[in-house]
There are 2 protein chains.
Amino acid sequence: MIDEDRLSETFAALASSTRRAILARLARGEANVNELAGPFDVTLPTISKHIKVLERAGLITRSQRAQYRPCALDPAPLEEISAWAEQYRPVWEARFDRMSDYLTRLRSHPRTDDHDD
Amino acid sequence: MIDEDRLSETFAALASSTRRAILARLARGEANVNELAGPFDVTLPTISKHIKVLERAGLITRSQRAQYRPCALDPAPLEEISAWAEQYRPVWEARFDRMSDYLTRLRSHPRTDDHDD
């Protein structure tokens, strides 16, 4: 069972392109706050706030061992939201199938509304 | 290419268990506001607000034809967030593989730290 509050927190944490970019960077390996701030046109305190939101949502962990406290990606919540979205796959695939059927009919009987043969 | 603002809006819309429950209901078929409010312990204006958020995010469409304006699920943004999360599958699968390797080693060499044979 997925915890609904946890799911809400994950979705809220992902509702920011900067936070998603931080996760994309961490997927390539650990990084500290300065390294994460580098590519973005934002201040260090702003990056720190984004990191705290991601940390609370369980999307990143911070090492206690080193003084510069590198951040690492924890993919577990991403796996949960992937599983959540996958529930709806039959809905979007049904829509695609209907469109595909329609295009097939259109190709085999072009403009049946004009030519009633 | 996925529009980053649109993705942020989808994630923000999904950061509510009530809104996710509305989508789950609509996956079973169209429903109007009264039908959607039924199972929830919230007022009609609150449900209407949730519906507006989902509509702005493109997750539901409302029919103009009928006076009671039924809501229908549009799964397209769900397919987008599924594809977005799937990018991270290699990260969570790598973690699972490491854990699986560890458990295999543990089974073949139990408590190697205690017994150095």
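Our subject is the structure listed above.
Report follows, based on the coordinates. Predicted model only: the values in this text are computed from it and were never measured. (Residues numbered from 1 in each chain as written. Chains lettered and ligands numbered in written order. Predicted model: local features only at pLDDT ≥ 70, side-chain atom pairs only at ≥ 80, totals over all residues. Heavy atoms only, no water.)

**Brief notes about the overall build of chain A**
A tally of regular secondary structure across chain A gives six helices and two strands. Reading the helices (α) and strands (β) of chain A from amino to carboxyl end gives α-α-α-α-β-β-α-α. Per-residue burial for chain A yields a buried fraction of 36% across its 117 residues. Within chain A, counting contacts between residues at least 6 apart in sequence, those at least 24 apart form 49% of the total. When the accessible surface of chain A is summed, it comes to about 7,400 Å², and 50% of that surface belongs to carbon and sulfur atoms. (Helix = DSSP H or I, 4+ residues; strand = E, 2+ residues; numbered from the N terminus. Buried < 20%, exposed > 50% of the residue type's maximum accessible area, 1.4 Å probe, protein only. Contact = heavy atoms within 4.5 Å. Areas by Shrake-Rupley, 256 points an atom, 1.4 Å probe, with all protein chains shown as cover.)

**So, the interface of chain B and chain A**
Taken together, the contact pairs 29 residues of chain B with 29 residues of chain A. When chain B packs against chain A, the two sides together hide about 2,500 Å² of surface, and 68% of this comes from carbon and sulfur. Considering only the surface of chain B that becomes buried against chain A, Arg20, Tyr88 and Trp92 of chain B emerge as the three largest contributors, covering 25% of it. A salt bridge links Arg20 of chain B to Glu4 of chain A, with the shortest nitrogen-to-oxygen separation between them at 2.5 Å. Where chain B meets chain A, there are eight residue pairs in polar contact (both at pLDDT 80 or more). (Buried area = accessible area lost by both parts, 1.4 Å probe. Salt bridge = Lys/Arg side-chain N within 4 Å of Asp/Glu carboxyl O. Polar contact = N/O pair within 3.5 Å; in protein donor to acceptor, adjacent residues only side chain to side chain.)

**A short note on the relation of the copies chain B and chain A**
For these two chains of identical sequence, chain B goes onto chain A by a turn of 180° and a shift of 0.0 Å along the axis, with RMSD 0.1 Å. Interpreted geometrically, this transformation is the action of a two-fold axis. (Least-squares fit on C-alpha atoms with pLDDT ≥ 70 in both.)

**Here we look at the environment of Leu73 of chain B**
Here Leu73 of chain B shows up in strand S2 (residues 71-73). Spatially, the C-alpha atom of Leu73 of chain B lies 5.5 Å from that of Leu26 of chain B, the residues being 47 residues apart in sequence. Those residues within four positions of Leu73 of chain B in sequence are excluded, and the remaining contacts are Tyr88 and Val91 of chain A together with Leu23, Leu26, Ala27, Leu59, Ile60 and Leu78 of chain B.

**Comments concerning the pattern of salt bridges**
One side chain can pair with another of opposite charge once the charged atoms of both are near each other. Residue and element names in this part refer to chain A. As enumerated under the stated definition, the model contains eight salt bridges over all chains in all. A salt bridge links Arg6 to Glu80, with the nearest nitrogen and oxygen atoms 3.0 Å apart. Within this pair, whereas Arg6 is found in helix H1 (residues 4-14), its partner Glu80 is found in helix H5 (residues 76-86), the two being separated by 74 residues in sequence. Bridged by salt links that share partners, the residues Glu86, Arg89 and Glu93 form one connected network.

**Quick look at the packing of aromatic side chains**
Enumeration according to the criterion identifies five aromatic pairs over all chains in this entry. Centroid distance Phe11 of chain B to Trp84 of chain B: 5.4 Å. Interplanar angle 75°. Geometry classified as edge-to-face. With a gap of 73 residues between them, Phe11 of chain B in helix H1 (residues 4-14) and Trp84 of chain B in helix H5 (residues 76-86) connect regions that are remote in the sequence. This pair shows no difference in class: Phe11 of chain B is buried, exactly as Trp84 of chain B is. Taking the centre distance of 5.3 Å and the plane angle of 55° together, the rings of Trp84 of chain B and Tyr88 of chain B count as tilted. Relative accessible area serves as the criterion here: at 7%, Trp84 of chain B is assigned to the buried category. An aromatic cluster of at least three residues, connected via ring pairs, comprises Phe11, Trp84 and Tyr88 of chain A together with Phe11, Trp84 and Tyr88 of chain B. (Phe/Tyr/Trp six-rings, centres within 6.5 Å; stacked < 30°, edge-to-face > 60°.)

**Concerning the packing of helix H2 (residues 17-26) of chain A against helix H4 (residues 44-56) of chain A**
All names here are of chain A. The geometry of H2 relative to H4 is characterised by a closest axis approach of 10 Å and an angle of 75° between their N-to-C directions. As far as their axial angle goes, H4 and H2 are roughly perpendicular. Here Thr18, Arg19, Ile22 and Leu23 of H2 lie close against H4, whose contacting residues are Ile47, His50, Val53 and Leu54. (Axes fitted to C-alpha atoms, helices over the stretch in contact; angles between N-to-C directions. Parallel < 35°, antiparallel > 145°, perpendicular 65-115°, else oblique.)

**Quick notes on the side chain of Arg19 of chain B**
All names here are of chain B. Here Arg19 shows up in helix H2 (residues 17-26). For the buried residue Arg19, which engages in no salt bridge, the nearest side chain bearing the opposite charge is Glu9, 10 Å off. Here Ala13 takes part through its backbone oxygen, which lies 2.7 Å from a polar atom of the side chain of Arg19. Within the structure, Arg19 has its side chain in polar contact with the side chain of His50 (distance 3.1 Å). Not counting residues up to four positions away in its chain, the partners in contact with Arg19 are Ala12, Ala13, His50, Val53 and Leu54. (Lys, Arg positive; Asp, Glu negative; His and termini not counted.)

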